[in-house]
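A structural walkthrough
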Amino acid sequence: TDDDTFSNVFCENSKKLIDVHLFALAAKYYSLSNLGVCTPLEDVLEALRRDSQGTTGIKTDEFMNNKKSHEVQVMSELVDKIANYCGIKQVIDIGSGKGYLSSFLSMQYNLKVYGIDSSNTTTNGAHERNRKLKKHWRAYQSRARANAESQRLEKANDRPVQSEINCKAINEKLLNKTSSLQRRDQVAIQDLVPSCGFTEIAASETSKQTEIDLMDRTQSDESKLSEEVLAFLNVLPADAVEVFSSSQCNCRKLCEEEKVQRKMASLKAKASKSSESNLYFPLTSCITAETELSDIITDLEDCMLVGLHTCGNLAANTLRIFTAKPEIKAVCSVGCCYHLLSEQFENEEDCPEEVWGFPMCQYLKDKGWCCGRNARMSACLALERVAVGQMLPTESLFYRAVLQVIIEEIYGVTKSDRHVGKTFSKSSSFIDYVRKSLKKLELDDSKLPDSCIMDYYEKYKHRMNELEAFNMLKVVLAPCIEVLILLDRLCYLKEQDNIAWSGLVKLFDPVKSPRCYAVIALKNQSCC
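Keep in mind that what you see is a predicted model, and the values were worked out from it rather than measured.

Parameters at a glance
Residues numbered from 1 in each chain as written. Predicted model: local features only at pLDDT ≥ 70, side-chain atom pairs only at ≥ 80, totals over all residues. Heavy atoms only, no water. Helix = DSSP H or I, 4+ residues; strand = E, 2+ residues; numbered from the N terminus. Buried < 20%, exposed > 50% of the residue type's maximum accessible area, 1.4 Å probe, protein only. Contact = heavy atoms within 4.5 Å. Areas by Shrake-Rupley, 256 points an atom, 1.4 Å probe, with all protein chains shown as cover. Phe/Tyr/Trp six-rings, centres within 6.5 Å; stacked < 30°, edge-to-face > 60°. Salt bridge = Lys/Arg side-chain N within 4 Å of Asp/Glu carboxyl O. Lys, Arg positive; Asp, Glu negative; His and termini not counted. Polar contact = N/O pair within 3.5 Å; in protein donor to acceptor, adjacent residues only side chain to side chain. Core = buried A, V, L, I, M, F, W, Y, C linked by side-chain atoms within 4.5 Å. Expected span 1.5 Å × (residues − 1). Axes fitted to C-alpha atoms, helices over the stretch in contact; angles between N-to-C directions. Parallel < 35°, antiparallel > 145°, perpendicular 65-115°, else oblique. Left-handed = near helix turned anticlockwise from the far one by under 90°. Nonpolar A, V, L, I, M, F, W, Y, C, P; charged D, E, K, R; others polar. Pairing = 2+ DSSP bridges. Right-handed = clockwise from strand over helix to strand, strands pointing away.

Considering the overall build of the protein
Along its length, the protein carries 22 helices and 7 strands. Here the protein holds 528 residues, and the buried ones make up 43% of them. Residue pairs at least 24 apart in sequence account for 72% of intrachain contacts in the protein once pairs closer than 6 positions are excluded. Carbon together with sulfur atoms contributes 51% to the accessible area of the protein, which is approximately 28600 Å² in total.

Examining the packing of aromatic side chains
Any aromatic ring pair is given by two values, namely how distant the centres are and how the planes are angled relative to each other. Applying the stated criterion across every chain, the model contains 13 aromatic pairs. Judged by centre distance (5.6 Å) and plane angle (55 degrees), the ring pair of F6 and Y29 falls under tilted. On the criterion of sequence distance, the pair formed by F6 in the loop between helix 1 (2–5) and helix 2 (20–29) and Y29 in helix 2 is long-range, its members being 23 residues apart. Overall, F6 belongs to the buried group, its relative accessible area being 16%. Since its relative accessible area comes to 30%, Y29 is described here as partly exposed. These aromatic residues form a ring-pair network of at least three members: F398, Y399, F424, F430, Y433 and Y457.

What about the pattern of salt bridges?
Taken as a whole and judged by the stated rule, the model has 17 salt bridges. When the shortest N-O distance is used, the salt bridge between R376 and E346 registers 2.9 Å. With R376 in helix 17 (residues 373–379) and E346 in the loop between strand 5 (328–336) and helix 16 (362–367), this residue pair connects regions lying 30 residues apart in the sequence.

Some points on the environment of S33
Among the secondary structure elements, S33 is positioned in helix 3 (residues 32–35). A C-alpha to C-alpha distance of 8.9 Å links S33 and P479, two positions 446 residues apart in sequence.

Considerations on the side chain of D488
Along the chain, D488 falls in helix 22 (residues 464–494). In this structure D488 is buried but unpaired, with R489 as the nearest side chain of opposite charge at 5.8 Å. Here C361 takes part through its backbone nitrogen, which lies 2.8 Å from a polar atom of the side chain of D488. Among residues more than four places away in sequence, those in contact with D488 are F358, P359, M360, C361 and L364.

Details of the side chain of S342
As for its position among the elements, S342 is in the loop between strand 5 and helix 16. Among the polar contacts made by the side chain of S342, one reaches the main-chain amide nitrogen of G357 at a distance of 3.0 Å. Those residues within four positions of S342 in sequence are excluded, and the remaining contacts are N313, V355, W356, G357 and F358.

Examining the nonpolar core
In this structure, M75, L78, M304, L305, C332 and L507 are the most contacted members of the largest nonpolar core, which totals 72 residues. In terms of residue count, helix 5 (residues 66–86) provides more of this core than any other element does, 8 residues in total. If near-sequence neighbours (up to four positions away) are discounted, L305 is found in contact with I92, I94, L293, T318, I321, F322, I328, A330, V331 and C332.

Observations concerning unusual backbone geometry
Trans peptide bonds make up the majority, and among non-glycine residues the majority have a negative phi. Residue F358 is joined to P359 through a cis peptide bond whose omega torsion reads -5 degrees. Of note, K15 is a non-glycine position whose phi angle comes to about 65 degrees, a positive value. Considering the arrangement of structural elements, one finds K15 in the loop between helix 1 and helix 2. For H309, which is not glycine, the phi torsion reads 60 degrees and is therefore positive.

Structural notes on helix 15 (residues 313–324)
The terminal C-alpha atoms of helix 15, which comprises 12 residues, lie 16 Å apart, in line with the 16 Å expected from a rise of 1.5 Å per residue. Of all the residues in helix 15, the buried ones are L314, A315, A316, N317, T318, L319, R320, I321, F322 and T323.

So, the packing of helix 2 against helix 22
Between helix 2 and helix 22, the least distance of the axes is 8 Å, while the angle of their chain directions is 25 degrees. Put simply, helix 2 runs roughly parallel to helix 22. Crossing geometry of helix 2 relative to helix 22 is assigned as left-handed. Across the interface between the two elements, V20, F23, A24 and A27 of helix 2 pack against L473, V476, L477 and C480 of helix 22. For the contact of helix 2 with helix 22, the class distribution of residues is 8 nonpolar, no polar and no charged.

Observations regarding the packing of helix 19 (residues 394–409) against helix 22
Packing of helix 19 against helix 22 brings their axes to within 10 Å, and their N-to-C directions diverge by 110 degrees. Here helix 19 lies roughly perpendicular to helix 22, going by the angle between them. Within the contact between the two elements, helix 19 uses T394, L397 and F398 and helix 22 uses M464, L467, E468 and N471. Looking at side-chain class alone, the contact of helix 19 with helix 22 contains 4 nonpolar, 2 polar and 1 charged residues.

With respect to the pairing of strand 2 (residues 112–117)
Counted residue by residue, strand 2 has 5 buried out of 6 residues, so it is predominantly covered. Sheet topology note: the strand 1 (residues 90–94)/strand 2 ladder contains 5 bridges and is parallel. The partner of I92 across the bridge, within strand 2, is Y114. Taken together, strand 1, helix 6 (residues 100–109) and strand 2 form a β-α-β motif whose crossover is right-handed. Here strand 2 runs beside strand 3 (residues 281–284); their pairing, made up of 4 bridges, is parallel. Note that in strand 3 the partner of G115 across the bridge is P282.

Structural notes on the environment of L484
When you line up the elements, L484 lands in helix 22. Owing to a relative accessible area of 22%, L484 belongs among the partly exposed residues under this scheme. Remark: the alpha-carbon pair of L484 and P359, spanning 125 residues in sequence, is separated by 9.5 Å. Aside from chain neighbours lying at most four places away, what touches L484 is F358, L364, W369 and C371.

Okay, structure coming up:
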């Protein structure tokens, strides 16, 4: 059996590691990528695909870093597909932070998004980012559509004869459609048809409804394009286009009709602009398993929950809220910060009323399963990054390890609620690191001379390689601990009666985004 294969990894008596190679093979065997329990993202997207209008791709890297851009692009496409599948337009982003995912879902996919974060400072930052994004979003859209149209024209140039025939046919249709326009306007329209200008304008908020109505009457690209041109003319000022006819009566009548149409378009544009005053709605609230979303969101309707790197217990609570609330039709949650999870059996404390982050499923609860903080810390490590040469920060880990020895032996402190944080990157030497850390821990560093600090450094310096090897073993084991936490969440969903489908899906490139697995679930068809 598999257990027999890996039975010689540790010494039966001392429980010490005796076969490193076998240890690495066992860790790989029990990793999520090897167990075959994940659903490929391509299969999920294909299953969710319905006849929906495609959207012009916006390059998120223009206003996000590479990691966040990758995450938002991939996850937003999936969320949009799920929302369309369930027939919902409202999305609630739990732990939304600065609103990277929320604002993109709203702007790119026209979803109504509420972003909820526990930090008021973060929410205020989201409001400010929201304001800046709104200011520049149309420019991003226009540029993306221009690029898309440029690519289309390049393909068309590969077929010059067919392209010329198509353009001629389109222009003839435009001539028929715009017979009331002066000849100079006809020429202007014909000149502009092959360009990307009308594609951009027709996709703007002021003419979206017009475009939808027109598409109901025609399916041909040529007819659609000619209608887009007319939609563009409708939003021009009333005196921007002159009309002519053999009959002065028809001229006056058409002028009046166009004025009415332009006035309506102008009103729609103003209404659209008003509705865009918020790209999404950032809210501040602390989410727990008992949170009533209707108390936070007054116009709560059928919706789905999303979370991009929800921290610690928040990922578990997101799933609990999803299963408990009938109006929530789907969930897509990517968790992180496993070390911040609360564990029911970690401290052997009897707290029956507590809602724990781990375990969630009844199977592991019955087993009394516990990971422990060290294991959960290991689960946060990034094996794929190490595999491509992004080595562990051995020196900073060594500094931290020696610091712990110092505060235990000199100050008698074994546990503290305070954190050292990213002191290493701000320190010029080990002495500087220790003194800055002690201040953060509110410990008096005056009784600790530099010579004493350096004595500790020299005492343990020869063990730095040992520390590096130990941390490499933790990295190798990391996927096994992560799979335990993720499968616990999946099993919790499988235990629920109202879930139609649930699965684990690898969304991201693990080198770019190490916490790359999403827990996804949809309610029963009667719910969606």
